[in-house]
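Inside the fold
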Amino acid sequence: MGPGMIKSPALDVANLAALIRQTGRYRLGLIDQRVDVINASAASSNWASGLFLLNQFSRCFDHLLKCPDHALNAFTKNVIVNAGSPKADFFIFSISVLEQFSLQYLIVSLCLAKALKVSQPCAKIVFFGNCPKKHARKLMAVFSFVDAFLEDGNEFSLLDYLGRGRDNSPVKGVIFRADKGLTYTDERRVLGLNKMPRPYFGLFDLRRYSSSGKVVLPYEISRGCANKCFFCYYIHKGKLAHKDIGKVTDDLAFLSKKYKTNYFHFMDAAINSDEAYLNRLCPALRARVPKINWSALAIPNISKRLLISMKAGGCRQLRWGVEYASPKMLKLISKKTTLDSIIDAIKNAHELGIYNYVTLLSGLKQEAKADIDKTNKFLARMHPYIDSVKECVWGELGHFSLAYLEALLCGRPAIESDKKKAEQYASILKKLNIPSEDIIEVLTAPHRAAFIISPQDSFPGGGTVDDDGRSLLSIFKAISLLKARNIAGIEYLNFLLLFGEHAKIQGYFLRHPFRTPEGKERILVELMAPLVKKSSFYFFYISWWDRNLRTALALARYLKKAHPSSKIIFWGPHCNFYSKEISRKYAFIDKVLRTDAPETILELLEKKATVPAAPGLMDYSMHIDFLAKHGLTPPVLFDYETSCGCKHNCFYCSSLSGKALWFKDIFLVSKDLRALAKLAIEPNVYFHDDALNMDNGRLGALLDIMAGIKPRLSWSCYMIAKDVSEALLKKMAYAGCRHIRWGIETLDPYKQRAIDKGLNTQEIAKILFAANRHGIDNQISVIVGFPYECSKDLDLAIDFITNNRKNISCVNVYQFKLRRNSPIYAYPGKFGISIDHTLDSGSTDGMPFSEKNGLPWQLKKSQQEYISNILKLKVKSLGLIDQDPRIYFSNLVRHA
Amino acid sequence: MMSSSTLKRIWKWLLPYFKKVDGPLLNLVGGEPLLSLSLLVELSALLSIEKKIRLKEIPTNGILLDEGILDFLRSSGMRLAFSLDGYSYAANSHRFANVNAFKRVLSNISAYKSMFGTPLIKMSVYPGKANGLACEIERLIHNGFTRLTLEPVVGFPWHKEDAEDFYKSFKKIIRIYSTCLASGQKISINPIDKYREYIKMGWWDKIESDCCGLGHEIVFSPNGDAYACTLASHLCNEDLRKRFYLGNIYKKIDLDKMEKLEHLHICDTSNIECRHRFPNITCKKICAFFDFKAKDLLDMECVYNYLNIYNFMLHETYRTYFLK
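Residues numbered from 1 in each chain as written. Chains lettered and ligands numbered in written order. Predicted model: local features only at pLDDT ≥ 70, side-chain atom pairs only at ≥ 80, totals over all residues. Heavy atoms only, no water.

1. Considering the interface of chain A and chain B
- Tallying the contact residues gives 14 residues for chain A and 16 residues for chain B.
- Surface buried jointly by chain A and chain B totals about 1,400 Å² across both partners, of which 63% is contributed by carbon and sulfur atoms.
- For the chain A face of the interface with chain B, the top three residues by lost area are Lys792, Leu859 and Tyr866 of chain A, together amounting to 40%.
- The tally of links between chain A and chain B comes to 1 salt bridge.
- A salt bridge links Lys792 of chain A to Asp268 of chain B; the shortest N-O distance between them is 3.0 Å.
- On inspection of chain A and its partner chain B, the count reaches 8 residue pairs in polar contact (both at pLDDT 80 or more).
- When residues of the side of chain A that touches chain B are traced back to their parent elements, those giving at least two are helix H31 (791–803) and helix H33 (857–877) of chain A.
- At 5 residues, H33 of chain A tops the list of elements feeding residues into the side of chain A that touches chain B.
- Taken together, the residues of the side of chain A that touches chain B break down into 6 nonpolar, 5 polar and 3 charged. (Contact = heavy atoms within 4.5 Å. Buried area = accessible area lost by both parts, 1.4 Å probe. Salt bridge = Lys/Arg side-chain N within 4 Å of Asp/Glu carboxyl O. Polar contact = N/O pair within 3.5 Å; in protein donor to acceptor, adjacent residues only side chain to side chain. Helix = DSSP H or I, 4+ residues; strand = E, 2+ residues; numbered from the N terminus. Nonpolar A, V, L, I, M, F, W, Y, C, P; charged D, E, K, R; others polar.)

Now the structure itself:
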């Protein structure tokens, strides 16, 4: 029996078990007391009462060497009885704590071993672990009931001992008791890591080691340590051996499959002891075991490049042996780290989404108050980047010198330097709200993610809930992906909808107009905050043109203050362009995403690079549940997309949906649409694809699917008014198309040729006519205010709308905005304009620009507004409406 | 000269349209309107019934002004705008046979001023005379003529150096204007005044319509012919004149044709390269192509210069008062 150090099954036991099992000559059993303590089971209550006894070292040694202690006897008897009074030829005790030889574990093991020896004198008591030779020999000399002690930390040595039979010849790496007394040799055994079988965890009840539903298995890639820290008793310090990379990946793949886990903790003294090796290992991990997540110990002197490779290889957490943030102590410890290297390592890891678990040392005799102060300052400075801190007080891990051991054995008072000291960092950790969790707890912590849509800044005024479909689509694409990956703990809060329909809240705000926006935001936060549970991540969706940015910031600021360890993430179309400005201005925001891709969200939660996967099924159930829970109106529309991106590269377009065009698997689309059809009696779908007719062949197949769905969907889509035959439109109408949004943009032939879509006024007119003939509402959009536009463009637009009035239901007049990420923004000179960055406020949708041989920006802006007003008035005079497309479609289906 | 019957017929035809329009405006152009005093008296009687219709200041060179006319003006409420291209005879030598005639005009204007206040002075700017413009304006202001309008003449060749002279003069004029305003002096120089007000109010449509009435104005010649443009009636080129001819008051007038000319673009009818897009003050100025003296079309360079001058006045005003 024997424990590991952290909340995962003991690797040393698993290694030894694998080796012994390989021989086929032994029946193995495991008495795992530690898992009881971890799980606070009934059996552990016995331990609880015994622990205070076991921490009285002198009393224990008196019990072991002098006079049996009644209480200790009773305790050990209880333990053995609770373990089923096992019978064995060999009782093997593991007495290590990570790589340290632990006094506490030694004492417990000695007490139990003595009791076992008394009851089964023929059984062999064997101790193993990373015990220094001198300690082992001393213990063997003193404790006669211990039959063998592993001296070289090499499991093969122990195997040899177990298989020696009656042969009393010395066994390399083991000191044992033979007829003539203690037998040992100083001959060394070569460590053959590559010959080690895969660790065998079959003896453990792994279910009892699970943390947040996950089991983390320990594994070692190397053994030894390149450093020789003076306070460390690791028997392999100063030497280092690695397993072959192929073996490592094979082992991990096997263990992952056999024990059904993707979580590993590498027990190596420092994963980055050999950077060249690690540089080869990480790509191999990514290629062979792409799904694993791992944690490891690391020396905080590491390049960002290597960290990137590690993250790509599955690294989720690193335990940094920081020890002190005092240059004097760092030099003394001589781990080749400096304060700068520590800071860089932690910051870079944080930036890459790797958890930072920091260990600090205290209680060394060379330590001064100034060293503690410096470390405190370090914590205060670095706490935004640190996820957990563990203070290892000297003596806590059971470090003990030979001199201390001898003092204990002789009953002398403990050497001052070996006595356990008080904790130094508890108060600052509490003040900074830095947790001190177990490594496994951090690695396996379930991540709650809350997706929040805050109300618009102009609440209770502003747009209606109907025009915000893109936010729902993006959010539910992300949520669907997370749910498909079995990520639990997802919350969805749509305050835009909730407050939008809450008459009392609206009424209150209307009756009490606020003098300042801050006053209103404060009240809104007070209303929202109680509904928001603690989460690891808060995702705030900022819609187009930052309509809800202020309210989102107000709530985010509040949540960060309330839950400092939670991550505040801003995302959405506005963030795609203004991520830098938002990040710089608001320090409480942890990250601003520059993409809506759901994989990015998944990466943040899983803390590892995600291989881009084809999108899966859409799951709107959380949205439906939210609406039902709050008594809100069931959705009129469902937002969906069958493709993302666009094959065109129109000069004004900012490619919000992505430059590359991809199509969702049509089988999945079919499943999604059938599922959506079941959600409502009259299901209505608003397609967000840039254009449903990017591929007419695929569109045809899609229409066949939709025509077969019962109940029949009513739907709206964007289309490009080019190469659209009447037959296609007829088929669309039959399949349920009620409304098409056409991006006409301009009616000037010269500008039409400049736009990649290649539209043609005559063709557009024909298509509108045909669509209208088949009962489809046509909504067209026109952009005014292009560079070098003149009144002729306006006249052309007016003529077109007037002449095609009967085939048009709705006209949207938009002003040209020079958006970031558009070709014209990238190459303004090519379009005869210059961008005036000094006038860019950094938060509006559109950059100011001047025409080089034309209008300066202020006049251009006036022109845009003027033309827009004229056109809008004309549209109105023709009896046409200018309405947001989604609102138009909502009204269309509501009144159907 | 227009006959009384023609005037009455025109009036009768116009009335229903005047009633539909906001702020209908009547403008008398010449020749010399004061030569038709009897018509003015008739018109005054008609206007006294239809008070909504506003009559712009009647343009005159001022030589015919006498006490009788002054009395008439007082009783009718009509007012005059004096065509004067500066305070010196040199600036007006093309208007008046001799300096005595010019002095008489100044005296008449003075009499008008004492009765009706500061008169409107309409300054036509000719190519070749633009370089002295600012000086003349200063002199006019100094002599109490503080209501001025500037109008670069159409139908004359504006060469590059003439245009450059105009730009320089106009910049000086803006400075003079700003100085007067800053000192609290009441002054009005159009189009600067007008542009400032309209730009401030965002009345871009008014800027456009004030600069060229094509599409929403109708002009009647003495014989009752109707044209869409004042200048068109003076065109010698029959084809061009027909483009703007709308009919005759005694027959039929095609208002649809008039309205369609609202959307005339000179770039459609020529290979001119569009340079001025907003506000749209010269897009319809087909008159920029005509050389009235030579009865021919002007060189493209002269056309561009003329159009540039108009746009320059607006953009310079915008730049001075609205661009930060």
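2. Comments concerning unusual backbone geometry
- A cis geometry characterises the amide bond from Phe459 of chain A onward to Pro460 of chain A, with omega recorded as 5°.
- By secondary structure assignment, the location of Pro460 of chain A is in the loop between strand E16 (449–453) and helix H18 (469–484).
- Of note, the bond from Asn190 of chain B into Pro191 of chain B is cis; its omega dihedral lies within 30 degrees of zero at 15°.
- For Pro191 of chain B, the position within the fold is in the loop between strand E7 (188–190) and helix H8 (192–201).
- Unusually for a residue other than glycine, Tyr788 of chain A sits at a positive phi of about 65°.

3. Side note on helix H1 (residues 11–23) of chain A
Residue and element names in this part refer to chain A.
- With 13 residues, H1 extends 19 Å between its outermost C-alpha atoms, agreeing within 8% with the 18 Å of an ideal straight helix rising 1.5 Å per residue.
- For H1, the buried fraction is high: 10 of the 13 residues fall into the buried class.
- The set of residues buried in H1 consists of Leu11, Asp12, Val13, Ala14, Asn15, Leu16, Ala17, Ala18, Leu19 and Ile20.
- Once H1 ends, the next one or two residues include Gly24, with phi positive near 75°. (Expected span 1.5 Å × (residues − 1). Buried < 20%, exposed > 50% of the residue type's maximum accessible area, 1.4 Å probe, protein only.)

4. Regarding the packing of helix H1 (residues 4–20) of chain B against helix H2 (residues 37–49) of chain B
Residues and elements named next belong to chain B.
- One can describe the packing of H1 onto H2 by two numbers: an axis separation of 10 Å at closest approach and a directional angle of 25°. With respect to H2, the axis of H1 lies roughly parallel. The hand of the H1/H2 crossing is right-handed. Residues Ser4, Leu7, Lys8 and Trp11 of H1 lie in contact with H2, whose contacting residues are Leu39, Glu42, Leu43, Leu46 and Leu47. (Axes fitted to C-alpha atoms, helices over the stretch in contact; angles between N-to-C directions. Parallel < 35°, antiparallel > 145°, perpendicular 65-115°, else oblique. Left-handed = near helix turned anticlockwise from the far one by under 90°.)

5. Points about the confidence of the model for chain B
Residues and elements named next belong to chain B.
- The predicted model of chain B has a mean per-residue pLDDT of 90, with 99% of residues at 70 or higher.
- Helix H10 (residues 238–244) is the least confidently modelled element of chain B, averaging 82 in pLDDT, while helix H7 (residues 160–182) averages 96, the highest of any element.
- Overall fold confidence (pTM) sits at 0.71, and the ipTM for the predicted complex is 0.86. (pLDDT = per-residue confidence, 0-100.)

6. Notes on the sheet that holds strand E6 (residues 147–152) of chain B
All names here are of chain B.
- Read from one edge of the open sheet, 5 strands run E3-E4-E5-E6-E7, paired in parallel fashion. At either end of the open sheet lies a strand with only one pairing partner, and these are strand E3 (58–60) and E7. This sheet shows a mean twist of 25° between the axes of neighbouring strands, independent of strand direction.
- For E3 and strand E4 (residues 80–83), the ladder comprises 3 bridges, and the chain directions are parallel. Counted as the bridge partner of Thr60 is Phe82 from E4.
- Strands strand E5 (120–125), E6 and E7 of the sheet are contacted by H7, whose axis makes an angle of about 165° with E6. (Pairing = 2+ DSSP bridges.)

7. Thoughts on the pairing of strand E14 (residues 355–362) of chain A
All names here are of chain A.
- Of all 8 residues making up E14, 8 are buried, and the element is well covered by its neighbours.
- Where burial is concerned, the two faces of E14 agree: the one with Tyr355, Tyr357, Thr359 and Leu361 and the one with Asn356, Val358, Leu360 and Ser362 are both buried.
- Of the strand pairs in this sheet, strand E13 (residues 315–323) and E14 are connected by 6 bridges, and their pairing is parallel. Its bridge partner being in E14, Arg319 is matched across the sheet by Tyr357.
- A crossover links E14 with its parallel partner strand E15 (residues 388–393), the connecting element being helix H14 (residues 369–382), and its sense is right-handed. (Right-handed = clockwise from strand over helix to strand, strands pointing away.)

8. Concerning the side chain of Glu50 of chain B
Residues and elements named next belong to chain B.
- Within the fold, Glu50 resides in the loop between H2 and strand E2 (54–55).
- It turns out Glu50 is buried and unbridged, and the closest side chain with the opposite charge, Lys19, is 4.1 Å from it.
- Excluding anything up to four places from it in sequence, Glu50 contacts Trp11, Leu15 and Lys19. (Lys, Arg positive; Asp, Glu negative; His and termini not counted.)

9. Quick word on the pairing of E13 of chain A
All names here are of chain A.
- With 9 of its 9 residues buried, E13 lies for the most part within the structure.
- Pairing between strand E12 (residues 293–298) and E13: 5 bridges, direction parallel. Counted as the bridge partner of Leu297 is Arg319 from E13.
- Each parallel crossover has a hand, and the one from E12 via helix H11 (residues 304–312) to E13 is right-handed.

10. Some remarks on a negative patch on the surface
- A surface patch of negative charge is lined by Glu161, Glu164, Asp299 and Glu301 of chain B.
- Note that Glu161 of chain B resides in helix H7. (Patch = residues over 30% accessible without salt bridge, like charges linked within 9 Å, V, L, I, M, F, W, Y side chains within 5 Å. Areas by Shrake-Rupley, 256 points an atom, 1.4 Å probe, with all protein chains shown as cover. Charge placed at Lys NZ, Arg CZ, Asp CG, Glu CD.)

11. Here's the deal with the packing of aromatic side chains
- Counting across every chain of the model gives 56 aromatic pairs over all chains.
- Ring plane angle 45° and centroid distance 5.5 Å describe the contact between Phe849 of chain A and Trp857 of chain A, whose orientation is recorded as tilted.
- Looking at Trp857 of chain A, the relative accessible area reads 15%, which means it is buried.
- Seen from their ring centres, Tyr112 of chain B and Phe116 of chain B are 4.9 Å apart, and the 50° between their planes marks the pair as tilted. (Phe/Tyr/Trp six-rings, centres within 6.5 Å; stacked < 30°, edge-to-face > 60°.)

12. Topic: the pattern of salt bridges
Residue and element names in this part refer to chain A.
- Across all of its chains, the model carries 41 salt bridges over all chains by this definition.
- Close ionic contact of Asp250 with Arg288 constitutes a salt bridge, the shortest N to O distance being 2.9 Å. Remark: Arg288 occurs in helix H10 (residues 275–288) and Asp250 occurs in helix H9 (residues 245–259); sequence separation between them is 38 residues.
- The exposure class of Arg288 is partly exposed, given its relative accessible area of 43%.
- Through salt bridges that share partners, Lys133, Arg137, Glu151 and Asp186 make up one connected network.

13. A word on helix H30 (residues 761–773) of chain A
All names here are of chain A.
- Compared with an ideal rise of 1.5 Å per residue, which puts 13 residues at 18 Å, H30 spans 18 Å between its outermost C-alpha atoms and is within 8% of the ideal.
- What H30 keeps buried is the set Thr761, Ile764, Ile767, Leu768, Ala770 and Ala771.
- In this fold, the buried residues of H30 make contact with helix H28 (726–734), strand E26 (737–745), helix H29 (749–754), strand E27 (777–784) and H31.
- For H30, the N-terminal capping position is held by Asn760, with its side-chain oxygen 3.0 Å away from the main-chain nitrogen of Gln762.
- Of the residues one or two after H30, Gly775 is the one with positive phi, at around 80°.

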